[in-house]
Structure formats: C-alpha cells, structure tokens
Amino acid sequence: MSDLERSIADLKERIEEFQALPPSQDQQAELRGMRQTLEQLRRRVDTNQQKPLDAWERTLLARHDQRPYTLDMINLIFRNFSEIHGDRRYRDDPAMICGFAMFDGKPIVVVGQQKGRNMKQRIFRNYGMPKPEGYRKAIRVMKLGDKFGLPILTLIDTPGAYPGIGAEERGQAEAIAYNLREMAKLSVPVIITVLGEGGSGGALGIGVGDRVLMLENATYSVITPESCSAILWKDQLHAREAANGLRLSAQDLLDLQLIDEIVMEPCGGAHTNHQETANILADRLRFHLAELEKTSPQERTNLRYEKFRRMGAY
Amino acid sequence: MTWFRKEKGIQNPTPSEERRVKTEGLFLKCEGCKAIVWKKDLETNLQVCPKCGHHYRISARQRLQWLLDNGCYEELDADMRSSDPLHFVDTKSYRDRLAVTEQQTGEKEAVIHVRGRLGEMPIVVAAMEYSFIGGSMGSVVGEKITRAIETARAQRWPLVIIAASGGARMMEGALSLMQMAKISASLAFLDQSAVPYISVLTDPTTGGVTASFAMLGDLNIAEPKALIGFAGPRVIEQTIRQKLPQGFQRAEFLLEHGMLDAVVPRKEMRDYLIQALKFLRVRTG
Ligand SMILES: [Zn+2]
C-alpha cells in the first residue's frame, strides 16, 4: 500500500467517524472539505504522478493512525519504562505521558502527548490534546528529572492543547506559558522530537530544548491548515493552500532555522515500519545526548537560550 | 486552535441611518449600556463610559501617553517591519495586508516598546496595538518584546507589557509560534535576575500571547471585562458544541478562577502600577 493509498484509507475512516458525530453546520463544512481532499488524492492515484509530497499530504501523513505514537516509540527505544501520573494539583491527564526509562542503560525522563488508535482509546487520550493538568504534570516530571540529573527527552504529537471550558477555567494559557519559561531553565540536556503533529502552543508546551528534531513527515505549525483556511478564506476548502502557505513541513522548519535536524523515516514512511523508525530515532537521540553531555549545565542553558533567541525573520 | 480571528458580526444593531447621520462625530451608543454617550465625555474619561464603566479599546500610543510621566517616552526600534519571510498569500498577500495596515494605523508593527518614567522610576514598557492585524505576534513583535525584556534586565529597570492580541500571526507560520518560546526563555532570565515584570492584559488577549508572556508576570493584572483566554470563544463553542456561559473568559471570570492578581480599572492603572512597583523593588547589590 502506498502512502497515498494509506492517506486515502485514513481520510475515508475520518469521514466515517465524523459522520457518526451529531450534525452541525461546521461539521458539514468540514466534511465537504475532507471529501474534496479525498477526491484530490484519488485523482493523484489515477494520474499516478510520483511528485514529492506537498505540505497537505504530509499533514495527512503526520496524522496517519498507523504512525508510531509516543508510547510505541517509548516501548521500542527505551527499557523499563515506568509511568508517573498526575499533576498534584487537579488530576492525571492521559493525553500526556510522563515517566522514567532506561536509554542505553542510562536513566532518562521521557514526556510526550499520546493519541489513541481506536475510538475508545482516542476518547480516553482526548485525541492527544492535553489539558492544563497535562502540561503541569509534564513540567513537574521534567523538574524531577532536573533535580536528579536525568536527561529529558520529549516526544511531540498533538493537534493542539484542548480548547474547552474546564481547560480555560484551569488556566490552559498559564500552564503552557509556565512550561515555556521553566523549560528554558532546566540544567540537564533536553532533546525535543516532533514525531507526528506539532500542533502550535500545545506542542510547544513541551518543546523548549537544546535540540529540536523532527521526523521527516512530521509537521509543526502555528495553526492547523483547516483552521487557517476557516479564518483567512472564511471556509474549510483551502486547507491545502493553507498547509503549503504555512510552511509546516520538517524541511520548511529546517530552512527557517527553527529546528536542528530532520530524522529520516524508513522507506514508505514511519507508519510502515515502527521498529526501523525507532532504530533511526534512537541513533540520533544517542548522538545528540552524547554531544550535549560534553557541555556544562550553565553553557547548555545559555546555548539553549541563544538558539531560541535567534528565531525569527524581520 | 485559533490565535487570531477577525471579529465580525458582534457589533450592536446600528441605529437607523438617519439617526446616525445626525449624531455622527458627536455621540455614540455605548457598547456596554446602550446609552447615548457624548464622545467628548469618553475622551476626558480615558475612553471609559461614564455611565456603565465600559472600557473601550484604545491605541498603544494613547495608553503610553496616559501611563507614563508627562506622557513622555523614547521609542526603540521604531522602524522594524515584517519582511514577509514566507511570502504568504491568502485572499490577499501578507505584504499588501501589511502595507494597508500601516497606512490605516500609522504603525509599522503590532507593538511599541519604549523607555520612560513612571512615578519618577525609569521603566521599560511594551504596548501592543490591536488594530495592527489583530495585535498578532509575528517575528517583529517577538523580537521587540524580547529586546524590551533584555533592556529591562540589563538596566535593571522594571518592565510592564500591555497585551492586546489575538495571538500568534498565521502569516509567518512557525516563526510566529517560536516567538512564544523566545520571549518566555528571555523572561526566564529576567525572572532569575529578580527584575520586576508586570503583565497588563487588555481586551482582547488570547492565544499564543496569553500562553506566553501575558501570563508570566510577577503580577498579572487586567482591565475590567477584558476577554482573556487560550482558545477563542468560537473555537471552544465549535469543539464542545454548546453555548458558553455568560462572562466566560472575561477578566472577572479569570480573577474568580485564580488566574489574575487583580482587575484594575483604567483610571486607577497608573497609580496601581506605581504602588505595585514600590513593593516589587529592583534589588541592587
Ligand atoms: Zn456605557
């Protein structure tokens, strides 16, 4: 099965899922958008063009439901993963996974958003959209790692932070803001990897580190192409144009000097071979961790700041 | 999630054409209490309705003029403009949007950062301009605010940032997003050097601005009824498919939920800040 075929199968499934929801105007508009995309993808198969994937196709691939998720990578890369729950303030957020693990025989802390693979899991994981308690758990565990000198590895895969009444009441914005500031202070090595979807502030909330890596077909964006289309074009039909305009692919982010490295995926994409994806990523994490351990904590936090300080074009 | 949304369809029903012509320029119907208010009364009252206390949105320059001693300030990086790094085009090009906005507002970007004096104390202030593409944060806003923070840290002068923004600017993609990290990392150093930072949130402050510097003050204070949130109300309504409660995401709501230190009316803002900075003193030596 080619990537394109998989994207089509994925999209079909999403449309089916979507149709099962209670109907509304927005939903109808979104459905129309998805059907149009499906049509475009089918036409691509028909004409059998083998162009490189555009940003929209990569967006679909980054959301592919067979893509390796955070827990898949944790289980394939690390040993003795031991999960830590709760923010000690309100509750545990299953959309954010935190814990200790062994990497190459050395203890580390791992943090990442978790999506679900079937309907039940998706609801349990809230589609990988953390609430404030998720971000607060994440920084609590990262600070624990900092205290005991454990390197921190974060894995990003989220459509965004959850937009809901409770999340607002409990300070979604404050939770993310606090993480951005506090992650800048961590004295241990911090390596960020964008596995799939890097959905704006909800992704960045665990995204400040010494190295930022992105899988080849992952995306990192200020807004989803669908929402961007809805706001700027006032409809859902320009998601593809928005995706391309937003420059959200790994290559774009590298060109804009916002990430440090693209982690290649196995032939056919990460979803075709989790083990190989894990092997490639483990290798890169190993390399960067060794590099970072050569520098002093003081120097590391200074370099981390300088790296983010340079971001922007004016 | 949406960080910048054009406001539409929330204007009050406009009075009949005839009536509008008669009153144009002199009176307006208050957005808060629907009473007819003399514009001159609004002007002398810091653009706050004398009848109901509704706070009208005001420009960044107006704010700085009212806030700082003798209305005096020295603006920094006044000529910094966006370079349209992504060559972004939607229904019109970002480049054109910038040019038109500059013409309409007289501003070159959505933030002004200055040095001035407040109650005789030297101070650094950054004030956001909501009428400039919804006060959205792109590379220039990120850079200017970071410089304001760095100035405050280097000089050991207190910092006040007045937020008014729909969030990160879509037309600069992930470059805008990363300004959140850049500014917050810079605030980490300010935090460690114990130079005071007061965040003033005004109507509206949402998205990536709230989720970075606006919520990171030593004190976070807001103007009455200001809309403050992470996600915009429309996005939340679409997600949860129900109407939002009255007063949701308003300053008073955030105060009640423990997210703000105080809600301060515009009239008292200057005195409040002077007073607060007497407690949050810059430590020397
Ligand atoms: Zn009024």
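Everything numeric here is computed off the predicted structure, so don't read it as measured data. (Residues numbered from 1 in each chain as written. Chains lettered and ligands numbered in written order. Predicted model: local features only at pLDDT ≥ 70, side-chain atom pairs only at ≥ 80, totals over all residues. Heavy atoms only, no water.)

A.B. asks: Residues and numbers for the pairing of strand β3 (residues 106-113) of chain A, please.
C.D. replies: All names here are of chain A. Across the eight residues of β3, six count as buried, placing the element largely inside the fold. Of the strand pairs in this sheet, β3 and strand β4 (residues 152-158) are connected by four bridges, and their pairing is parallel. For Val 109, the partnering residue across the bridge sits in β4 and is Ile 152. (Buried < 20%, exposed > 50% of the residue type's maximum accessible area, 1.4 Å probe, protein only. Helix = DSSP H or I, 4+ residues; strand = E, 2+ residues; numbered from the N terminus. Pairing = 2+ DSSP bridges.)

A.B. asks: Give a detailed account of the coordination of the zinc ion, specifying residues and quantitative values.
C.D. replies: Residues and elements named next belong to chain B. Around the zinc ion, the protein contributes the donor atoms Cys 30 (SG), Cys 33 (SG), Cys 49 (SG) and Cys 52 (SG), which lie 2.2 to 2.4 Å from the metal centre. Around the zinc ion sit four donor atoms, and with donor-metal-donor angles ranging over 107 to 114° the site reads as tetrahedral. Counting the intervening residues between successive donors of the zinc ion yields the motif C-x2-C-x15-C-x2-C. Under the relative-accessibility criterion, Cys 52 is labelled partly exposed at 35%. (Donors = N, O, S within 2.8 Å, 3.2 Å for Na, K, Ca; no water. Tetrahedral: all angles 85-135°; square planar, octahedral: opposite > 155°, others 65-115°.)

A.B. asks: Give me the domain arrangement of chain A: which residues, what numbers.
C.D. replies: Residue and element names in this part refer to chain A. Structurally, chain A comprises domain 1 (3-48) and domain 2 (60-310). Of note, the centres of domain 1 and domain 2, computed from C-alpha atoms alone, are 26 Å apart. Domain 1 puts 17 residues into the contact, and the matching count from domain 2 is 14 residues. Taking both partners together, domain 1 and domain 2 bury about 1300 Å²; carbon and sulfur atoms supply 49% of that area. Counting every contact that joins domain 1 to domain 2 gives zero salt bridges. On the surface where domain 1 and domain 2 come into contact, there are zero residue pairs in polar contact (both at pLDDT 80 or more). Among the elements of the structure, α1 (3-19) and α2 (25-47) are those that each provide at least two residues to the side of domain 1 that touches domain 2. Broken down by element, the side of domain 1 that touches domain 2 gets its largest block of residues, nine residues, from α2. Taken together, the residues of the side of domain 1 that touches domain 2 sort by class into three nonpolar, five polar and nine charged. (Domains from an automatic or database assignment. Contact = heavy atoms within 4.5 Å. Buried area = accessible area lost by both parts, 1.4 Å probe. Salt bridge = Lys/Arg side-chain N within 4 Å of Asp/Glu carboxyl O. Polar contact = N/O pair within 3.5 Å; in protein donor to acceptor, adjacent residues only side chain to side chain. Nonpolar A, V, L, I, M, F, W, Y, C, P; charged D, E, K, R; others polar.)

A.B. asks: Residue-level account of the packing of aromatic side chains, with values.
C.D. replies: All names here are of chain A. Tallied over the entire structure, the rule returns three aromatic pairs over all chains. Where Phe 78 meets Phe 103, the ring centres are 5.5 Å apart and the plane angle is 90°; that geometry is what we call edge-to-face. Taken together, the positions of Phe 78 in the loop between α4 (70-77) and β1 (79-83) and Phe 103 in strand β2 (residues 96-103) put the pair 25 residues apart, joining distant regions of the chain. Of the two residues, Phe 78 and Phe 103, both sit in the buried class. When the ring centre of Tyr 162 is taken as origin, the NZ or CZ atom of Lys 131, which lies over that ring, is 5.2 Å away. Lys 307 extends its terminal NZ or CZ atom over the ring of Phe 308, reaching a point 5.4 Å from the ring centre. (Phe/Tyr/Trp six-rings, centres within 6.5 Å; stacked < 30°, edge-to-face > 60°. Lys NZ or Arg CZ within 6 Å of the ring centre and 35° of its normal.)

A.B. asks: Explain the pattern of salt bridges to me, using residue names and the numbers behind them.
C.D. replies: By the definition in use, this model includes 42 salt bridges over all chains. Between Asp 252 of chain A and Arg 247 of chain A there is a salt bridge; the shortest N-O distance is 3.0 Å. A network of salt bridges, in which partner residues are shared, links Arg 309 of chain A together with Asp 77, Glu 143, Arg 147, Glu 150 and Lys 182 of chain B.

A.B. asks: So what's going on with the interface of chain A and chain B? Residues and values would help.
C.D. replies: Between chain A and chain B, the residue contacts involve 57 residues of the former and 67 residues of the latter. Between chain A and chain B, the buried area comes to about 5100 Å², and carbon and sulfur atoms account for 71% of it. Taken together, the connections running from chain A to chain B amount to four salt bridges. Viewed at the interface, chain B and chain A are joined by 13 residue pairs in polar contact (both at pLDDT 80 or more). Sorting the residues of the side of chain A that touches chain B by element identifies α2, α7 (165-169), α8 (172-183), α9 (200-204), β7 (219-221), α10 (225-232), α11 (239-246) and α14 (297-309) of chain A as the ones contributing at least two each. Sort the elements by how many residues they give to the side of chain A that touches chain B and α8 of chain A lands first, with nine residues.

A.B. asks: Outline the packing of helix α6 (residues 132-147) of chain A against α8 of chain A, listing residues and values.
C.D. replies: Any two packed helices are characterised by how steeply their axes cross, that is the angle between the axes, and by the distance between the axes. Residues and elements named next belong to chain A. Here α6 crosses α8 at 20°, and the two axes come no closer than 8 Å. One finds that α6 runs roughly parallel with respect to α8. Between α6 and α8 the crossing geometry is left-handed. Residues Pro 132, Tyr 135, Arg 136, Ala 138, Ile 139, Met 142 and Lys 143 of α6 lie in contact with α8, whose contacting residues are Gln 172, Glu 174, Ala 175, Ile 176, Tyr 178, Asn 179, Glu 182 and Met 183. When the residues that make up the contact of α6 with α8 are grouped by side-chain class, the tally is nine nonpolar, two polar and four charged. (Axes fitted to C-alpha atoms, helices over the stretch in contact; angles between N-to-C directions. Parallel < 35°, antiparallel > 145°, perpendicular 65-115°, else oblique. Left-handed = near helix turned anticlockwise from the far one by under 90°.)

A.B. asks: So, the sheet that holds strand β6 (residues 159-165) of chain B: which residues are in play, and what are the values?
C.D. replies: All names here are of chain B. Sheet architecture is open: seven strands sit in the order β3-β4-β5-β6-β7-β8-β9, paired in mixed fashion. Looking along the sheet, the strands with just one partner apiece sit at the ends: β3 (73-76) and β9 (262-263). Of the pairings in the sheet, the one linking β6 to strand β7 (residues 197-205) comprises six bridges and is parallel in character. Note that in β7 the partner of Ile 161 across the bridge is Ser 199. In the packing of helix α5 (residues 139-155) onto the sheet, the strands contacted are β3, β4 (111-118), β5 (121-128) and β6, and the crossing angle to β4 comes to about 25°.

A.B. asks: How would you summarise the side chain of Ser 184 of chain B if you had to cite specific residues and measurements?
C.D. replies: Within the secondary structure, Ser 184 of chain B is located in helix α6 (residues 173-192). Apart from residues lying up to four places away in sequence, Ser 184 of chain B is in contact with Leu 180 and Arg 181 of chain A together with Ser 212, Phe 213 and Leu 216 of chain B.

A.B. asks: How would you explain α6 of chain B if you had to name every residue and give the values?
C.D. replies: Residues and elements named next belong to chain B. With 20 residues, α6 extends 30 Å between its outermost C-alpha atoms, agreeing within 8% with the 28 Å of an ideal straight helix rising 1.5 Å per residue. Burial analysis of α6 places 18 of its 20 residues in the buried class, which makes it a mostly covered element. Positive backbone phi, approximately 55°, marks Ala 194, located one or two places after α6. (Expected span 1.5 Å × (residues − 1).)

A.B. asks: Could you give me a rundown of the side chain of Thr 193 of chain A, with the residues and numbers involved?
C.D. replies: Residue and element names in this part refer to chain A. Locating Thr 193 in the fold gives a position in strand β5 (residues 190-199). In this structure Thr 193 comes out as buried when scored by relative accessible area, which is 0%. Beyond its immediate chain neighbours, meaning those up to four positions away, Thr 193 contacts Thr 154, Leu 155, Ile 156, Leu 213, Leu 215, Leu 281 and Leu 285.

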